[in-house]
Amino acid sequence: MSGGGAIAATSGGHSDAPLTAHALGRTYDGYVALGAFDLDVGAGELVALIGPNGAGKTTFLNLAAGLLDPTSGEVRIAGHVPGSLEARAELSYLPDSPVFYEDLSVAEHLEYVAALHGAEDPEARIDELISRLGLDGWEDALGSELSKGMKQKASIALALVRPFKVLLADEPLDGLDPPSRDTLFAMLAETKAAGAAIVVSTHRPDVIAAADRCVAIRDGRLAYDGKPDPKVLSEIFDRSELEGV
Amino acid sequence: MSGADQSAGTVLAAPDPVAAMKAMRSARRRRYVQRADVMEVLYRVYLGAIAALFVLAFLAGALHEVPADPSSVAGIRTDAPAIIGIAVAVIVLAGLRAGARGGPLAIEAAEVRYTLLAPVSRRTALRPAALSQLRTATLSGAIFGAVVGNFVFRRFPGSAVEWIGSLAAFGALVPAVVLGAALVASGRRLRIGVASAAGLVLIAWSALDLALGWNSSPTTMLGDLATLPLQHGASAWLAALGAALALAVLAAGLLGIGGLALEAAQRRAQLVAEMRFSASVQDLRTVILLRRQLASERPRRKPWIRIRGGSIWRRDWQSFLRWPVVRVVRVVLIAVAAGGIAVGGFDLTPVLFALVGPLLFIAALDLIEPLAQESDHPTRRLLLPRPGSELMRTHLTAPAVVMAVVLLGAAVAAAAIGENPGLALGVGGVVFLPLAVVLVCAAALSATNDPYEFVLNPQMANVVSLAPIVVALIAGFVPLFAAWKAEGSDSTRLGAALSTDFILIIFAMIGLGVLAWRFNKREREAM
């Protein structure tokens, strides 16, 4: 784990970590969205990725998911280049904005994603996710018929319906009601217990508190990497920049 | 579990991810067909076919084309392949640049998010979309080529079958090679500079062919194919080589399609979805704005020349002086192409005159941008202490001046390309002013059209959307056709072209009147 100054490296490097990023950078016409970013996330580890708007959180997640190409450095998913067949099989991405096929129902989306990733016993898994996330009765609904919260729930179900070793979630609690948040926390705990590496981009103190580790980004640079310590975080961020810190 | 249609079960029963993808796509296609109003589609096809047959029959009767003289035939045999090659190379350049920005495929955002992030070969996942685009483009190109061939054979040596066949093949191969080049650029993730350089090399190569009388460039070889009934010996073989090279480019593009950058695909998916919606409601203005975003075509931060002042006239020039290089080049190319097509109309078939107006209309849409922005922001416009119709009229002056320059450029290009520069400059000289006003008015009508004004009357909405393009087509066609049709000396032809100014002036007056009525009406409604 790299970093200096205020950065507290509390979790040692995982050479065989499911998610590794070294000197990862991305620039847009000279603007540094992410610069020389280092991060290893081990199996069964939940990392809260925090930082003010525009800090580079989503850029990092998109780079790890293979949706963006880095301009420097590298990131690996279970040792594979993002976007490769192997990496796509191991990584599940829950984006901040749900996207659906306009002519497929929620259930059909789940069936399709489960089949694309060769999920075992998909029907039982789909039924379980629909039930736990409160999507009962909405299985045949199209994406355009869902409210913001229901869209988010469907998106969460799509991320969890398939097998993976790494889960990247961008603001996953946005739009969820309190019971659904509790359900998601429980699901993240189960996923973690099953050995997945999880990175959750968030502004929420409850997610930060539930995380094993907190990684803070500011202006595209690593600002903190360590235990979710409110004291330390409050020294790095203004109250206005980070909710509840 | 969903019971809708037949996708459930078949997808989950698929033995592997690729089979699941195919099962889902197949289910979606079935669903689309089930939901489509087949009778409505058939009715539209029927109407389109009847209209096309009527136009073709009318043109075939009206043209009375006479065989070209031997010197024209010889000139076309030697020069046309390279000229056509330059035109094809320009389109290939556009394809390469589109590919470097992630085109030409337009994939759904969900397809990027789910299918392209799944452990499925991206080449396999993307190939159907590419083949679908290829089918549509090659079929349209082949039909257009065959229609042109149907008129060309009446004037030149060679049978109808030879001309229709060679021009249909040419018409099919041009979109194939453009699509292939775009796919190569996107699959190999070429930088925009490299893609542009490759296209410019092709243009320069065909220009060199034209200057030296060679047939060495791959796009010149496609020009040999377009004029195959006139070619013999080595040129005929070069036409075959050109076709083979075009297919090779297409094959290379299809093989490398999996290299598409998802970043570009995502961005494109969003914009293309919006463009399709805008096109479905005939909102041409939004389509243009989205296309500019798709092409990353932004105004220059620093103008070419800085002018100060607050008049509308200056504001319009400030807009033109911030045009990016690509827009300047596009308008110049449109002028050259319009001139070249006009020459082609005189030398090959006057059917080509029908392309001149719509092509110049595209340039006019760029020129009308300042007025279009006033229309985009009605509140700002209403706050100005001037009547809307007066504001509109003042905004038309600068675009009309630039459009006139573009038309003179087209005339100069026609003079340089054709064998009768005097006639080209003469026709340009007698029609450029009224034609510029008509084209600018047509573009203004299109850019300020409210697509929802006739939302309850779709037929009326279609008429209002299509009218400016049809007017541009007629305005471009009539003077050229009159000059072509007139028998006798160049002065007779110029007189015939001059006589059509009357029609253009009527068009311009109607356009100005409708625009004034539209702006006044909106102003009244806002009060």
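Residues numbered from 1 in each chain as written. Chains lettered and ligands numbered in written order. Predicted model: local features only at pLDDT ≥ 70, side-chain atom pairs only at ≥ 80, totals over all residues.

Section: the overall build of chain B
So the rule is basically this: By definition, any uninterrupted DSSP run of H or I lasting at least four residues is a helix, any uninterrupted run of E lasting at least two residues is a strand, and each is numbered from the N terminus. Values of the radius of gyration come from C-alpha atoms, whereas the globule rule sets the reference at 2.2 Å times the count of residues to the power 0.38. Any residue with 12 or fewer other C-beta atoms within 10 Å of its own C-beta is exposed, any with 20 or more is buried, and the rest are partly exposed; the C-beta atoms used are placed from the backbone. We call two residues in contact whenever the C-beta atoms placed from their backbones are within 7 Å.
Regarding its fold elements, chain B presents 22 helices and 0 strands. Relative to the 2.2 N^0.38 estimate, which gives 24 Å for 527 residues, the radius of gyration of chain B is 25 Å and therefore close to what a compact globule would have. In terms of overall dimensions, chain B has a C-alpha envelope of 75 × 75 × 50 Å along the principal axes. Going through the 527 residues of chain B one by one, you find that 46% of them count as buried. Put simply, 75% of the contacts in chain B that link residues at least 6 apart link residues at least 24 apart.

Let's talk about the domain arrangement of chain B
Residue and element names in this part refer to chain B. This is how the line gets drawn: A domain assignment, automatic or from a database, supplies the domain bounds used here. Polar here means any residue outside two lists: the nonpolar Ala, Val, Leu, Ile, Met, Phe, Trp, Tyr, Cys and Pro, and the charged Asp, Glu, Lys and Arg; Gly therefore counts as polar.
As far as domains go, chain B holds domain 1 (70–275) and domain 2 (299–526). The interface of domain 1 with domain 2 comprises 10 residues on the first partner and 9 residues on the second. A breakdown of the residues in the side of domain 1 that touches domain 2 according to their chemical character gives 7 nonpolar, 2 polar and 1 charged.

Some words on the packing of helix 13 (residues 312–320) of chain B against helix 18 (residues 388–417) of chain B
Two numbers describe a pair of packed helices, the interaxial angle and the distance between the axes. All names here are of chain B. Applied cut-off: Lines fitted to C-alpha atoms define the axes here, with helix axes fitted over just the stretch in contact, and angles between the N-to-C directions of these axes take values from 0 to 180 degrees. What sets the label is the angle itself: under 35 degrees gives roughly parallel, over 145 gives roughly antiparallel, 65 to 115 gives roughly perpendicular, and the rest give oblique. Crossing handedness: left-handed means the near helix sits turned counterclockwise from the far one by under a right angle, and right-handed means the same turn made clockwise.
Contact geometry for helix 13 and helix 18: axes closest at 9 Å, N-to-C directions at 45°. In terms of orientation, helix 13 and helix 18 fall into the oblique class. Judged by the sense of rotation from one axis to the other, the crossing of helix 13 with helix 18 is right-handed. Every residue of helix 18 that contacts helix 13 at Ile-312, Trp-313, Asp-316, Trp-317 and Phe-320 is listed here: Leu-391, Thr-394, His-395, Thr-397, Ala-398, Pro-399 and Val-402. Its residues assigned to classes, the contact of helix 13 with helix 18 shows 8 nonpolar, 3 polar and 1 charged.

Comments concerning the sheet that holds strand 8 (residues 213–218) of chain A
All names here are of chain A. The line we're drawing: At least two DSSP bridges between two strands are needed for those strands to be called paired.
Reading across from one edge, 5-6-7-3-8-9 is the order of the 6 strands in this open sheet, with mixed pairing throughout. Each edge of the open sheet is held by one strand with a lone partner, namely strand 5 (91–94) and strand 9 (221–226). Going across the sheet, the axis of each strand differs from the next one's by a mean of 15°, ignoring polarity. In terms of strand pairing, strand 5 meets strand 6 (residues 166–170) through 4 bridges, oriented parallel. Within the sheet, the bridge partner assigned to Leu-94 lies in strand 6 and is Ala-169. In the packing of helix 6 (residues 178–193) onto the sheet, contacts are made with strand 3 (46–50), strand 6 and strand 7 (197–201), and the angle to strand 7 comes to roughly 150°.

Observations regarding the interface of chain B and chain A
Every contact between the two is made by 28 residues of chain B and, on the other side, 28 residues of chain A. Counting residues per element, the ones that place at least two in the side of chain B that touches chain A are helix 1 (7–10), helix 2 (17–35), helix 5 (109–115) and helix 11 (262–280) of chain B. Among the elements that line the side of chain B that touches chain A, the one with the most residues is helix 2 of chain B, at 6 residues. In the side of chain B that touches chain A, the residues fall into 19 nonpolar, 4 polar and 5 charged.

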